[in-house]
Amino acid sequence: AKGPAGVHARPPGAHDPAVRVGFTATKRIGGAVERNRAKRRMREAARAVLPLHGLPGHDYVFIARGGMTTRPWDRLLDDVKSALVRLAADRPASHI
């Protein structure tokens, strides 16, 4: 089952170890206040989880889904962590 945070990753194009992150929330999430709250929560979750589970040099896009603003914080962190672990497992060994 997918949680309220979708995460997409792009492998590195060059040998830059920097991790770049973007956040998006569509109008399906709600009005501007709801979308901004969803993005703030995703930013904080990324700060907490990316240093532990992100891959160097990758670009990540976090996409808010329904329930992002009401999801309990611990469950949201677990959702983001599982998404990052799943993405890392899907990557070829040469990119890790």
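Scroll up a little and you will see the structure.
I will try to describe carefully the structure that is included in this document. Source: prediction; values computed, not measured.

## Examining the packing of aromatic side chains
Using the criterion set out here, one finds one aromatic pair in the structure. Over the aromatic face of F23 sits the side chain of R43, whose NZ or CZ is 5.7 Å from the ring centroid.

## Structural notes on helix α1 (residues 32–53)
Taking 1.5 Å of rise per residue, 22 residues should cover 32 Å, and α1 covers 30 Å from first to last C-alpha, within 8% of that figure. For α1, the principal kink sits at R47 and spans about 35°; a proline, P51, occurs within the next four residues. Buried within α1 are the following residues: R35, A38, R41, M42, A45, A46, V49 and L50. Looking at the buried positions of α1, the neighbouring elements they touch are β2 (20–24), β3 (59–64) and α2 (73–90).

Rules behind the numbers
- Residues numbered from 1 in each chain as written.
- Predicted model: local features only at pLDDT ≥ 70, side-chain atom pairs only at ≥ 80, totals over all residues.
- Heavy atoms only, no water.
- Phe/Tyr/Trp six-rings, centres within 6.5 Å; stacked < 30°, edge-to-face > 60°.
- Lys NZ or Arg CZ within 6 Å of the ring centre and 35° of its normal.
- Helix = DSSP H or I, 4+ residues; strand = E, 2+ residues; numbered from the N terminus.
- Expected span 1.5 Å × (residues − 1).
- Bend = angle between axes of the 7 residues up to and from the residue.
- Buried < 20%, exposed > 50% of the residue type's maximum accessible area, 1.4 Å probe, protein only.
- Contact = heavy atoms within 4.5 Å.

Interpretation note: all reported values are geometric properties and have no functional meaning in isolation.
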